[in-house]
Amino acid sequence: MALALALGASANDTVYVSGALEHEGLLDWTPVRYHSNTYLDLSLNYQCDSNRHHYHGLRATTRLEMTQWPMLGYEPDFPGHGMSHLSLTNIFDWGEISVGDVYGQFGSGLILNLYEDRSLGIDGALRGAKIEAIPTDGLHLTALGGKQRRYWSCYDDGAWGWNYRRDALVGGDVELHIERWSKRMREQDIHLMIGASYVSKYEAEDSLYTYQDGMMYRYRLPHWVGAGDVRVKWQMRGVDVLIEYARKANDPNADNDMTYRDGEALMASLSYSRQGMAVLAQVKRSDNMSFRSERLRMGIAGRLNNLPAFAQHHTYALAAEHPYATSYTTGEWAFQASILYTWNRKTKMGGRYGTTLKLNASHIRGLAAPGSWDIDTSEDGEYYTDVNIELNKRLSKRWWLNAMLMYQAQNQRVIEGEGDLIRSGIAVVDTRVQVSKNVGMRGEAQYLYTPHADGQWLFLLYELSLFKQLTLSAEWMYNIGYAPEATNEHFYTFSATYSHKAHRLAIGYTKTQEGYHCAGGVCRYVPEQQGVSVNYSFNW
Amino acid sequence: MVIGKRLYIILALALALGGCEVIPEAERLVPVDTPAGGGRRHMLVEYTGFRCVNCPSAAETAEQLQSLYGDELIVVSMHPASNPFTQGLYDYTCPMADSLYLWMGGTASTPFPTGNIDLQAADDGYLIDPLEWPGQLLQAMQDTAAPYLEVSAYGDSLTGELKIEVAMGATAAMDCRLAVWLTEDSVHGVQAMPDGSVNSDYIHRHMLRAAITPERFGIPCSLSTSVSMQILDGRCPDECVADQCHIVALLLDKDDYHILQAYETTITYISDPLAMPQR
């Protein structure tokens, strides 16, 4: 309120505070220890009711984190606590100016995608400034600069628990929305966007040496590494075409074994959608596109870009058992196609309530050689394949059914660094019944067959929802075996979740197996866990 | 529009600040002279695991550095049990390896390969990427001052008992710590390789097998200007091939435990127990 008054707020202006509290915890049995990740986001918002000097208001945000004893599987630098985020955004009629910790994405993220993903432990925020502007209709501009966050460790001259590397980043993005300058295009609902971005990262030189042919050499490293991106997007009557190309100049780093070769990525996407139908086909080639703020950084943190994984993100447990992570350094050719079709209700195929069928296929292979445009057609060149068909149907007034059949192949060596090509077949049946107004039930049965790795799996889940506030669930996963690495182990989770207005509390007992949690093409190893889980969230 | 003009200027400035530096191919590697020896020996700890596909490349880097520096560099490879890369059907782990790994900040999530020079912390911690080993070692080699350390090791070929004679001295009296380890060279075993294959007859070099001084940083000792002798008892583990075993002795700083001097020697096996050194 004081801030609002200082800004000369009037009675018609709005000031409000919003926030979110999120806590995820596990009381581990062996040894007895409580692991938790807690985040408190606070936002002070001031909105001007009247348009005074083009000014619309401001937004101040902060985030406090307590991850000193974090959930299992995060990187060694992850533990810490303090104020991890602080930013102030001024909002004008032509755009926004933000100072503090900012996120951003240029195009599809091939050269810049700074985001936060708590499940992976990613926070790519830039501490600096960002300007987003629409100075004239059809012209979008973005400029940003700063230093990227790296967990909590400090330099001697660090401030606020933040690790300021010696590096810095500047970047700009321009998008021309041509239809804004053509009445005819707008009348025909045609959208044409041409965009270009440029990012340059600075890093002080490291003393890196190599021993070759009996001699010691020092690497001469570029201080400034630039990356550019151009894209064209055309939309018309449900058809959407995107072509995007990115190139990165010499960037020798730990990921690419100190290679000076330029990196590049090319992506093309075609989609069509209308009522009841959607079709997508896309292809991507990338080579040596690992782009980080620190040249010696490996693992999850420190990424400046994000190459989308052309693999469907699965939520069913066994379908997500062997996930895929984008191959940034060695490169890949990725192909994906999907079709969704809905038969309307009261038709022969749709039945009384309608039927939706989804077909998705992904196929990802390596490059024949570093820098090559040829596809590696050898057996080891297959990185990932996923072909699945999914049926969604309402069987009656109270009964819904979702069923999926899937073929999957995952090259373990690409994801985990070792292993074979795991081919598996998966079947899922997911059914939900609304017993009464206040009682609902859901059941899942999943089966995975593979002769590789740890063999066959069975998954069962039962969920009971009461009064739209309380959900009780039990899930069980069993490694049936019949494979070299079979364990015949049982894994289970029993939980109760209570929701009341903006509060949500879930308590359970769980034993989960080790594996990889993946999102957006990035994976994090999660070790086996057993104990009492506590999750709480509150939004206001 | 005034604000618009300012934006263009800001953007232009932002982009002008950045840039792109292209290093011509002929200028990417700059030859460097390596310093002459000064009597001080250094140790490279190589953390590795049989499931780590990139570790053979790091082992090759360690070998290249050893061929460059000869006796001035002692390499010890450690397989810590706390990292998943060492877990599985084959056990090359050693409790001392795990103890040091955890002390250096290693966890189950620490990416391999990694390593350390002289048990000393670098800018970003104790564990450093193999890319940084040559540079860190080059820096460490600048420091030539070192106390005197020489080791002789004898073994009973029948019982496996070991007697280790450690001779120590310094230019000025000082307190420090003495750690003595047993390593085994040329261990034939299993290793995941960079091409995804598994080599079932991989030769693991300089593998830490046992700690003769069981404490993490050895035993306290005092150095004087005259050479003192200490005799330690040990035993060659049953799973080791006696002829392939070496003894590594380290003098460590008593406060931060960094290595002041190191020595590596082979074991001389004697069939007559009466000929073994006595305390």
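Figured I'd write up the structure that's included with this text. For clarity, every value in this text was computed on a predicted model and none was experimentally measured.

1. Focus: the overall build of chain A
Piece 1. A count of helical and extended segments in chain A gives 3 helices and 32 strands.
Piece 2. Against the compact-globule benchmark of 24 Å for 540 residues, chain A has a radius of gyration of 25 Å, which places it among compact chains.
Piece 3. Across its three principal directions, the C-alpha atoms of chain A cover 80 × 60 × 55 Å.
Piece 4. Looking at chain A as a whole, 49% of its 540 residues qualify as buried.
Piece 5. When contacts within chain A are restricted to residue pairs at least 6 apart in sequence, long-range pairs at least 24 apart make up 58% of them.
Piece 6. A total of about 24500 Å² of accessible surface is found on chain A, and carbon and sulfur atoms cover 59% of it.
Piece 7. Side chains of chain A carry 52 positive and 60 negative charges; the gap between the two charge centres is 9 Å.

2. Some thoughts on the pattern of salt bridges
Residues and elements named next belong to chain A.
Piece 1. Under the defined criterion, the tally for this structure stands at 43 salt bridges over all chains.
Piece 2. Ionic pairing is found between Asp41 and Arg118, a salt bridge with its closest N-O pair at 2.7 Å. Separated by 77 residues along the polypeptide, Asp41 in strand S2 (residues 33-52) and Arg118 in the loop between strand S8 (116-117) and strand S9 (122-123) bring together distant segments of the chain.
Piece 3. Overall, Arg118 belongs to the buried group, its relative accessible area being 17%.
Piece 4. Residue Arg413 pairs with Asp380 through a salt bridge whose shortest N-O separation is 2.8 Å. Placement of Arg413 in helix H3 (residues 412-416) and of Asp380 in the loop between strand S21 (355-365) and strand S22 (382-394) is noted, with a sequence separation of 33 residues between them.
Piece 5. A relative accessible area of 39% places Asp380 in the partly exposed class.
Piece 6. The network of salt bridges with shared partners includes Glu22, Asp41, Arg63, Glu65, Glu116, Arg118, Asp123 and Arg149.

3. A short note on the nonpolar core
All names here are of chain B.
Piece 1. Of all hydrophobic cores here, the largest spans 27 residues; its most connected members are Ile164, Val166, Leu178, Val180, Leu182, Ile247 and Leu251.
Piece 2. Only strand S5 (148-156), strand S6 (161-169), strand S7 (174-184), strand S11 (219-223), strand S13 (245-253) and strand S14 (259-270) provide two or more residues apiece to this core.
Piece 3. Of all hydrophobic cores here, the second largest spans 26 residues; its members include Val45, Phe112, Leu119 and Ala179.

4. Side note on the state of the cysteines
Piece 1. Under the defined criterion, the tally for this structure stands at 2 disulfides over all chains.
Piece 2. At a sulfur-sulfur separation of 1.9 Å, the disulfide partner of Cys518(A) is Cys523(A). As the torsion about the S-S bond is roughly 105°, the Cys518(A)-Cys523(A) disulfide counts as right-handed.
Piece 3. A relative accessible area of 15% places Cys523(A) in the buried class.
Piece 4. Paired through a disulfide, Cys52(B) and Cys55(B) show a sulfur-sulfur distance of 2.1 Å. Every disulfide takes its handedness from the sign of the S-S torsion; for Cys52(B) and Cys55(B) that torsion is 90°, giving right-handed.
Piece 5. As a non-bridged cysteine, Cys240(B) has Cys245(B) as the owner of its nearest cysteine sulfur, 4.4 Å distant.

Each value, and the rule that gives it
- Residues numbered from 1 in each chain as written.
- Chains lettered and ligands numbered in written order.
- Predicted model: local features only at pLDDT ≥ 70, side-chain atom pairs only at ≥ 80, totals over all residues.
- Heavy atoms only, no water.
- Helix = DSSP H or I, 4+ residues; strand = E, 2+ residues; numbered from the N terminus.
- Rg over C-alpha atoms; globule rule 2.2 N^0.38 Å.
- Buried < 20%, exposed > 50% of the residue type's maximum accessible area, 1.4 Å probe, protein only.
- Contact = heavy atoms within 4.5 Å.
- Areas by Shrake-Rupley, 256 points an atom, 1.4 Å probe, with all protein chains shown as cover.
- Lys, Arg positive; Asp, Glu negative; His and termini not counted.
- Charge placed at Lys NZ, Arg CZ, Asp CG, Glu CD.
- Salt bridge = Lys/Arg side-chain N within 4 Å of Asp/Glu carboxyl O.
- Core = buried A, V, L, I, M, F, W, Y, C linked by side-chain atoms within 4.5 Å.
- Disulfide = S-S within 2.5 Å.

Purely geometric numbers; function is a separate question.
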